Every structure is written in structure tokens, then in C-alpha cells.
There are 2 protein chains.
Amino acid sequence: MVQYSFYFMIDNKYDIILDAASQVFAREGFHKAKISKIAEIAGIGAGTIYLYFKNKEAILEEIFLRSWSRIEMKLLEMKKIKNMTPLQKIAEITAEIIELIYANVSVAKILVYEYSFWNSNKKEKLSKTVENSQKLIEELISDGIKANIFRKDINSKDATMYIIGGVWFWIASKSDDLLSYSKDELTDTLFNYIIYGLK
Amino acid sequence: MVQYSFYFMIDNKYDIILDAASQVFAREGFHKAKISKIAEIAGIGAGTIYLYFKNKEAILEEIFLRSWSRIEMKLLEMKKIKNMTPLQKIAEITAEIIELIYANVSVAKILVYEYSFWNSNKKEKLSKTVENSQKLIEELISDGIKANIFRKDINSKDATMYIIGGVWFWIASKSDDLLSYSKDELTDTLFNYIIYGLK
DNA sequence: ATGAATACTGAACCATAATTCATTAACGTG
DNA sequence: CACGTTAATGAATTATGGTTCAGTATTCAT
């Protein structure tokens, strides 16, 4: 039992598959991505994937869940902190998003292109995480409005979607040469768009 | 010959198919949408669709092309006008986008959810229209920066993607109750997000 | 070293749904 | 009203690729 667990940790086919799938999904898109190609890149047989994941969708689901969980965690962390302005908190969250993208550009691409996935796919866990994150961002914006930091004619729900959309597409436009910028540079640029728009 | 043309105009199966497809694509997403369902809604046989379109993808392509062509046209119109500030022009374009959405919410949804389609699908005509539109928006932002209307630390390409992304997701968040707002209301809100961000 | 347990494999299976095409219907013309 | 032409049909075909599973390899405890 212990040995099995240990073996699993070293080998970690689960993560190898996730990584291979991320590459293929990012390149081909979910629907055109072939399990056989994922298996090839992972260096395993196609059937093996089904020992680790229920089906193709479950792989994408896990990729989404991991990313969104990280964002959700950061949002919760910020919520707890009291001596920080909403503006500072948004700066922190922006940095976390850039960190996430920087760590894995393929995943960032997937989050953009397969956006409709989590939107239409009502899987409990994923759906809860995403919706919870959105609610937390909404709260943050609400706080900012109350504190007179943001325009008070803003609808926090609209703004949330606008921010998410802006971030996604901004990522999409860069995707390939994203890594040629420094993290600080990217964080700064993104933060400014969110807060100041074009003016 | 004349009769054929006239008959075609009345009957206009081409547009009927496009309309039916828009509904199904918006509801199910492109990949899950069935040709048989589109045919059913259009009130025709499945095979008939193939008399008007090469394949399923060509239908989606045409839906994209029509929408983007309209935006491109508006952008070109604005480019020609000299006595108008970039801000006013952006207001006009925002209004056009809202108009487009208002006319057909299904199409708006498709533009959001199937974003990856035109992005990955390198069909000459569509690709050219989209890229041209993006270039025109970039020019407009560039003008705004030169005229000291926009922040001068803005990268016009980034900003373009940020705007497009913001618009798309903002639409996505509303999609279902979009029609419960007035056009002017929507235009105003969207314009303000683009220009002023949150502050 | 051996056998039981576990992990892996990839060819075969199967479900789905896009597309085709032989057939039928509708139309326009003389 | 026939008859040629064009349009429409939907059942049958076909392509695709996700998923299964019978067989094989590997690991591990004794």
C-alpha cells in the first residue's frame, strides 16, 4: 500500500497526462484534440489514460479546476486581510493570475479558448469554484465602490465579467510571446487596464 | 433565370438555414449542434443544407463573417470621418456593437463561445475581415493616444484585445436578459467600461 | 525465484453524427 | 398538359475517434 502510493508519486502519470493534454488542447482545441495524441506525448498507451481519468472531458475539467482553485484561493486570502485597500488587493490578484499564466502558457490558452466549457458544463465542483471566484471578485469591487475608490455607477457583476474577459483576451493576444515579458511588466500593464481603462 | 432569382429571394433558404443554425449553435455550441436539429428548425431536410453550404463549418463561418463585416464597415466609416474625436468614434462603434447584439442575441452568444473558431481557423476571407477590424481599432486607439485623449503608456494592440475581450464577456454575462435593457443604456455602460475602467 | 496483484497496452469495438446520393417532388416552358 | 430541369429529401453510408478489454508486462511480498 505504502509502496504503491510512493510509486505513484515518483511516476505521477496523472500529472504527466495533464501536462500532455494541456499541450494538445492548447494547440488543437478540446474537440480536435485526440486522445491518441495525448497518449503519444505522455509516452503511454491510449488506454492508460482511462485508468487515471474517466474520459476526455474529465481531463479538461481537472485542468480548469486546478487553475480556478488557485485563483479562488488567492481571492479568499485577500478577503481575510483587513488592512489592504481593494486596489491593493486587485494588484495582488493580478499578480497571481500572471504567475499562473507564466507557469503554464498552454493552460492559459485553454482557459481562454475553452471558456464555454465551464460555462456550459455544470459539473458541481468546477462550477462551484468558478462561481465562487466570480462572487469574490464581485465583493471586492463592491468594497471598492463603497470606499469611493471605484466609480459608483459600476455594476459589480458586469465589471467582474468585463475584467475576466479583458484578462483572457489580453492573454490570448500575447500567448506566444508572453514569456518574453517580465512578470512585473505584465502585472503592471494588466492592472492598469483593469483600473484605468483607456483614459 | 429572373424567376429563379426571385424565388430564391422570397424563399431565401440560405438565410433561413443561417437563422436556424444561429439558434442551435447558441444553445448547444458548435460541436454539439446537430445538422438534423438545424434542418428541423429550418423546416427542411438535412440534405438540403448541403445544397446551400459546403459543410457545417461553412455555416458558422458565414455567421461570423456577417457580424464582423458589419463591425468592419462601421470602423471604415469612422476612419473616413475627420471632424470627430476618437472618443466619439468609439462611442459610435460601441453603439453599432450593441445594435448587432440586439438584433440577434443568438449570434452574439456564438461570437463569444466559439471565439476560438475564427482564431484557429485560418479561412482567408473571415480571417482578413477580423484582422482588418482589429487593425482599425488599433489605429483608432493610436489616434487617441496622439491626441492626448488616452493614456500614453497604452499599447494599442493590447488595448484592442482588452476591449474585444471585455465586450465579449460582458455580453456573455448578460446574454439571456440582454433585451431587458434599452440599447442606449447598454451602449452607455459598455462605453464607460472601455474608456474609464473601474476608476 | 515464484505467484499474485497491479499497471499498462493498443487493436478492436462502437456510438455518433456529418455527409452523400438515389429517389421524389416542384417548377417553368413551349 | 407533358417534359425537361432544378430543388428537396432522408435513409444509407462513411469517417472519426473515444472508449473498452483481453492479453501482456511489471512490481512486490514471501
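Residues numbered from 1 in each chain as written. Chains lettered and ligands numbered in written order. Predicted model: local features only at pLDDT ≥ 70, side-chain atom pairs only at ≥ 80, totals over all residues. Heavy atoms only, no water.

**Focus: the packing of aromatic side chains**
Residues and elements named next belong to chain A. Using the following cut-off: Note on aromatic contacts: the rings of Phe and Tyr and the six-membered ring of Trp form a pair at centre separations within 6.5 Å, being stacked when their planes are under 30 degrees apart, edge-to-face when over 60 apart, and tilted otherwise. Strands are runs of DSSP state E lasting at least 2 residues, helices are runs of H or I lasting at least 4, and numbering of each runs from the N terminus. Burial status follows relative accessibility: with a 1.4 Å probe on protein chains alone, a residue under 20% of its type maximum counts as buried, one over 50% as exposed, and anything between as partly exposed. Placement of a charge over a ring requires the Lys NZ or Arg CZ to be within 6 Å of the ring centre, with the centre-to-atom vector within 35 degrees of the ring normal.
On inspection of all chains with the given rule, the structure shows seven aromatic pairs over all chains. Here the aromatic rings of tyrosine 14 and phenylalanine 53 are separated by 4.6 Å at their centres, their planes lie at 20°, and the arrangement is stacked. Of this pair, tyrosine 14 sits in helix H2 (residues 13-28) while phenylalanine 53 sits in the loop between helix H4 (46-52) and helix H5 (56-80), and the two are 39 residues apart along the sequence. Of the residues examined, phenylalanine 53 reaches a relative accessible area of 4% and is grouped as buried. Positioned over the ring face of phenylalanine 30 is lysine 56, at 4.7 Å from the centre of the ring.

**Details of the domain arrangement of chain A**
Residues and elements named next belong to chain A. Applied cut-off: Either an automatic procedure or a domain database provided the assignment from which the domain bounds are taken. Contacts were defined at the residue level, with two residues in contact if any of their heavy atoms lie within 4.5 Å. Defined in terms of a 1.4 Å probe, buried area is the accessible area two parts forfeit on being brought together, summed over both. Criterion for a salt bridge: a side-chain nitrogen of Lys or Arg within 4 Å of a carboxyl oxygen of Asp or Glu. Nitrogen and oxygen atoms within 3.5 Å of one another constitute a polar contact, given that in protein one can donate a hydrogen and the other can accept it, and given that sequence-neighbouring residues count only through two side-chain atoms.
Partitioning chain A into domains gives domain 1 (1-53) and domain 2 (55-196). For domain 1 versus domain 2, the distance between C-alpha centres works out to 26 Å. Listed per partner, the contact involves 18 residues of domain 1 and 15 residues of domain 2. Interface area for domain 1 against domain 2, summed over the two sides, is near 1400 Å², with a carbon-plus-sulfur share of 70%. Here domain 1 and domain 2 share one salt bridge between them. Here aspartate 15 makes a salt bridge to arginine 66, at a shortest N to O gap of 2.9 Å. Linking domain 1 to domain 2 there are six residue pairs in polar contact (both at pLDDT 80 or more). Among the secondary structure elements, those contributing two or more residues to the side of domain 1 that touches domain 2 are H2 and H4. At ten residues, H2 tops the list of elements feeding residues into the side of domain 1 that touches domain 2.

**Quick word on helix H11 (residues 183-196) of chain B**
Residues and elements named next belong to chain B. Note the threshold: For a helix, the expected span equals 1.5 Å multiplied by the number of residues minus one.
End to end, H11 covers 20 Å across 14 residues, agreeing with the expected 20 Å (1.5 Å per residue, within 8%). Those residues of H11 lying buried are Leu186, Thr187, Leu190, Phe191, Asn192, Tyr193, Ile194 and Ile195. Just downstream of H11, glycine 197 is the residue with a positive phi angle, here 60°.

**A word on the confidence of the model for chain A**
All names here are of chain A. Worth spelling out the cut-off: Confidence scores labelled pLDDT are given residue by residue by the predictor and lie between 0 and 100.
Across chain A, pLDDT averages 86, with 93% of residues at or above 70. Looking at the elements of chain A, mean pLDDT is at its lowest for helix H1 (residues 2-11), recorded as 40, and at its highest for helix H3 (residues 35-42), recorded as 97. Confidence drops under pLDDT 50 across residues 1-10; counting only partners more than four residues distant or on other chains, this segment forms four contacts.

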